[in-house]
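So the chains spell out like this:
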Amino acid sequence: MIAHILNLGRRGCDVLEALGRSGLFLAQSAVGVPSREGWYLWLRQMHFVGVLSIAIVLVSGLFIGMVLALQGYTILVDFGAEQALGQMVALSLLRELSPVVAALLFAGRAGSALTAEIGLMKATEQLTSMEMIGVDPLRRVVAPRLWAGFVALPLLTIGFSVVGIYGGYLVGVEWLGVFEGSYWGGMQSSVAFIGDVGNGMIKSMVFALVVTWIAVFQGYDLVPTAEGISRATTRTVVYSSLAVLGLDFVLTAVMFGGFS
Amino acid sequence: MIESPLVEVKGLHFSRGEKTIFSGVELQIPRGRITAIMGPSGTGKTTLLKLIGGQLTPDVGRVLIDGHDVHELSRKALFTLRRRMGMLFQSGALFSDLSVFENVAFPLRVHTELPEAMIRDLVLMKLQAVGLRGARELMPAELSGGMARRVALARAIALDPDLVLYDEPFVGQDPISKGVLVQLIKTLNDALGLTSVVVSHDIPEALSIADYVYVIADGQVMAQGTPASLDVDEDRRVSQFVHGEPDGPVPFHYPAPEFFRDILDLEGRP
């Protein structure tokens, strides 16, 4: 019994220590004046985490918009309210689905790749050798990836929403015959720029920070063996997904739950 | 015997978890010479290099490089000091996304403002020194283990450091590569006026180029001296190691219960 309590306490301390370490890690990586070289490294990472994630994010956005329109239509038509389809698709996407689903896809596509890449650099002593050359790997390797993730995910989320709304249009208007004017008009009159688009973007930025932070920290902090890399990659996806869904509830409660 | 050593290790204690790695190590690395640090596997030779390079912090004790206490320096000052050091890692540790040329150019690009033409000349000179000028366009994945280590050596000396640390440079090399590396370490040390620290358990290779040797075992300096004096050392632990005898004070067997009792599964019985 005592052993169990001791074990629990030790685990608690380990978790706190890891949180402290990751906080320091974030502070040391994120601060600092970007140099010309830093911009180049950041652009390169924007390509890897951002541009290469475009396809999966946009295709998913298209299908989710189409499914939303299809499901929404079958329910709304019973009440004769299919004119509200545009409003429903847009609000669902902007407030919830785009930030959350794009973040989950980003964690699976880019987050796991970041962890594996940094982890492999650690396992092959590339990070250590960089330190011995007198270059701080936090600034050279971690910072560009962190900032690239932080900028790329909100942009991908915008793309997700745009394509999703178009997917809804294809199904709702082109296929099911909802009046085009009411699809766009309903959207225009009901979507608030700050309240809906703005809050969705704030969510996306929070998710971007959390997912990228988890991914680069897991890569930097892992045990440098094949098993260590595989565990850390899995942890990145699991922790990021849980963090995104948990934070989404908190943010939704604060933004739309009547607290404000 | 040593006048103004470049590196001094004083009263070094270091442990990892429950395991004590060093308990009171004292070393002095003379300037302009090759010092070999030898010892059986698992005695913490690589750890010692990491302590000298400031990547690990000792529990007690100091490491002085040219009078600077490595572990008292700020992060920025430590990185500045490291520009005067080169380190050759066991794996080579080349940056896998950069070509051979760019790997060697890396320290020059990040620490100097030299024009591109001069960087090119310097990189080709360093590659020429290790015999790989023709391999400049290759990627690290296309190199053999020995070639990767030579490129890493060219990178380690790119900024003309005062001190080069070699971590097991001969491990896993074929006889030709070994010979090339032995000759390179010696030639570069003499030609560039470096101070070299070679951590190794390849005795013939290390002894053939070292000016001074430390043997480390059980967390302490077990013996020190010139290669010739170690060869005739009468301490049984030293002679076992230097002459590669399979059994002796360092036992062949990992600690275990008495063989007869163990095989009959009598342990724990009266």
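Keep in mind that what you see is a predicted model, and the values were worked out from it rather than measured.

Residue and element names in this part refer to chain A. Contact geometry of helix α4 (residues 85-123) with helix α9 (residues 226-256) gives a least axis separation of 9 Å together with a crossing angle of 150 degrees. Taken together, the axes of α4 and α9 are roughly antiparallel relative to one another. Crossing angle aside, the handedness with which α4 passes α9 is right-handed. Its residues assigned to classes, the contact of α4 with α9 shows 13 nonpolar, ten polar and three charged.

Now for the interface of chain B and chain A. One frequently used descriptor of interface size is the decrease in accessible area upon assembly of the parts. Taken together, the contacts link 22 residues of chain B with 15 residues of chain A. Contact between chain B and chain A buries roughly 1800 Å² in total, counting both sides, with carbon and sulfur atoms accounting for 57%. Taking the shortest distance from any N to any O, the salt bridge between Arg 75 of chain B and Asp 136 of chain A comes out at 2.8 Å. One can count nine residue pairs in polar contact (both at pLDDT 80 or more) joining chain B with chain A. For the side of chain B that touches chain A, the secondary structure elements donating two or more residues are α2 (75-82), β6 (85-88) and α3 (100-111) of chain B. It is α3 of chain B that provides the largest number of residues to the side of chain B that touches chain A, a total of four residues. Residue classes in the side of chain B that touches chain A are distributed as eleven nonpolar, six polar and five charged.

This brings us to the nonpolar core. In this structure, Leu 85 and Tyr 183 of chain A are the most contacted members of the largest nonpolar core, which totals 55 residues. With 14 residues, the top contributor of residues to this core is α4 of chain A. Once residues within four sequence positions are removed from consideration, Leu 85 of chain A is found in contact with Ala 69, Gly 72, Tyr 73, Leu 76, Gly 172, Val 178 and Tyr 183 of chain A. Leu 124, Leu 143, Leu 153 and Val 182 of chain B belong to the second largest nonpolar core, which has 34 residues in total.

Right, let's talk about the confidence of the model for chain A for a bit. Per-residue pLDDT for chain A has a mean of 91; in total, 98% of the residues score no lower than 70. For chain A, per-element mean pLDDT is lowest for helix α1 (residues 2-30) of chain A, which scores 87, and highest for helix α3 (residues 54-76) of chain A, which scores 95.

All names here are of chain A. Across its 15 residues, helix α2 (residues 36-50) extends 20 Å between first and last C-alpha, which sits within 8% of the 21 Å expected from 1.5 Å per residue. All buried positions along α2 are accounted for by Leu 41, Trp 42, Gln 45, Met 46, Val 49 and Gly 50. Within α2, the buried residues cover an arc of 150 degrees as seen down the axis, which keeps them to one side. Among the exposed residues of α2, those oriented more than 90 degrees off its buried face are Arg 36 and Leu 43. Buried residues in α2 make contact with α3, α4 and α6 (137-175).

The next subject is the sheet that holds strand β4 (residues 60-65) of chain B. Within a beta sheet, neighbouring strands are joined by backbone hydrogen bonds and run either parallel or antiparallel to one another. Residues and elements named next belong to chain B. The four strands lie next to each other as β2-β1-β4-β5, forming an open sheet whose pairing is antiparallel. With partners counted over all chains shown, the strands left at the sheet margins are β2 (19-29) and β5 (68-69), one partner each. Bridge count for strand β1 (residues 7-16) against β2 is eight bridges, and the pairing is antiparallel. For Phe 14, the partnering residue across the bridge sits in β2 and is Phe 22. Along the sheet, helix α1 (residues 45-52) makes contact with β1, β2 and β4, crossing β1 at roughly 120 degrees.

Another aspect to go through is the UniProt feature "transmembrane region" (unreviewed entry) in chain A. All names here are of chain A. In the numbering used here, UniProt assigns the "transmembrane region" (unreviewed entry) feature to residues 48-70, 146-171, 191-216 and 237-259. Note that residues 48-70 is 87% helix and 0% strand, and that its end C-alpha atoms are spaced 34 Å apart. Across residues 146-171, helical content stands at 100% and strand content at 0%; the span's end C-alpha atoms are separated by 37 Å.

So, about the pairing of strand β10 (residues 220-225) of chain B. All names here are of chain B. The sheet contact formed by strand β9 (residues 212-217) and β10 spans five bridges and is antiparallel. Following the sheet pairing, Val 215 is matched in β10 by Ala 223. Remark: two residues form the turn of the hairpin made by β9 and β10, two consecutive strands paired antiparallel; Asp 218 in that turn has positive phi of roughly 55 degrees.

We now examine the side chain of Ser 240 of chain A. Residues and elements named next belong to chain A. Structurally, Ser 240 is set in helix α9. Residue Ser 240 is classed as buried on the basis of its relative accessible area of 0%. A distance of 2.5 Å separates a polar side-chain atom of Ser 240 from the backbone oxygen of Thr 236. Each residue touching Ser 240, except ones within four places of it in the same chain, is listed here: Ala 107, Val 211, Ile 214 and Arg 235.

Glycine aside, residues mostly have negative phi angles, and peptide bonds mostly take the trans form. All names here are of chain B. Even without being glycine, Asp 66 reaches a positive phi, approximately 50 degrees. Within the secondary structure, Asp 66 is located in the loop between β4 and β5. Phi is positive for Glu 168, close to 45 degrees, though the residue is something other than glycine. Relative to the elements of secondary structure, Glu 168 occurs in the loop between β7 (163-167) and α6 (175-192). Glu 168 sits in the buried class, given a relative accessible area of 5%.

Residue and element names in this part refer to chain B. Where helix α5 (residues 145-156) meets α6, the closest approach of the two axes is 10 Å, and the angle between their N-to-C directions is 10 degrees. Taken together, α5 and α6 sit at an angle that is classed as roughly parallel. Residues Gly 146, Arg 149, Arg 150 and Leu 153 of α5 touch α6, and the partners they reach there are Ser 177, Val 180, Leu 181, Leu 184 and Leu 188. The class makeup of the residues in the contact of α5 with α6 is five nonpolar, two polar and two charged.

With that settled, the discussion passes to the packing of aromatic side chains. Counted under the stated rule, the structure contains ten aromatic pairs over all chains. Relative to Trp 184 of chain A, the ring of Tyr 183 of chain A has its centre 5.1 Å away and its plane inclined at 85 degrees; by these criteria the two rings are edge-to-face. The exposure class assigned to Tyr 183 of chain A is buried, which follows from its relative accessible area of 0%. Among the aromatic residues, those joined into a cluster by ring pairs are Tyr 166, Tyr 169, Tyr 183 and Trp 184 of chain A. Of note, Arg 82 of chain B hangs over the ring of Phe 79 of chain B, and the distance from its end group to the ring centre comes to 5.1 Å.

What counts as what
Residues numbered from 1 in each chain as written. Chains lettered and ligands numbered in written order. Predicted model: local features only at pLDDT ≥ 70, side-chain atom pairs only at ≥ 80, totals over all residues. Heavy atoms only, no water. Axes fitted to C-alpha atoms, helices over the stretch in contact; angles between N-to-C directions. Helix = DSSP H or I, 4+ residues; strand = E, 2+ residues; numbered from the N terminus. Parallel < 35°, antiparallel > 145°, perpendicular 65-115°, else oblique. Left-handed = near helix turned anticlockwise from the far one by under 90°. Nonpolar A, V, L, I, M, F, W, Y, C, P; charged D, E, K, R; others polar. Contact = heavy atoms within 4.5 Å. Buried area = accessible area lost by both parts, 1.4 Å probe. Salt bridge = Lys/Arg side-chain N within 4 Å of Asp/Glu carboxyl O. Polar contact = N/O pair within 3.5 Å; in protein donor to acceptor, adjacent residues only side chain to side chain. Core = buried A, V, L, I, M, F, W, Y, C linked by side-chain atoms within 4.5 Å. Buried < 20%, exposed > 50% of the residue type's maximum accessible area, 1.4 Å probe, protein only. pLDDT = per-residue confidence, 0-100. Expected span 1.5 Å × (residues − 1). Arc of directions from axis to C-beta. Pairing = 2+ DSSP bridges. UniProt positions renumbered as here; feature names shortened; annotations may be inferred. Phe/Tyr/Trp six-rings, centres within 6.5 Å; stacked < 30°, edge-to-face > 60°. Lys NZ or Arg CZ within 6 Å of the ring centre and 35° of its normal.

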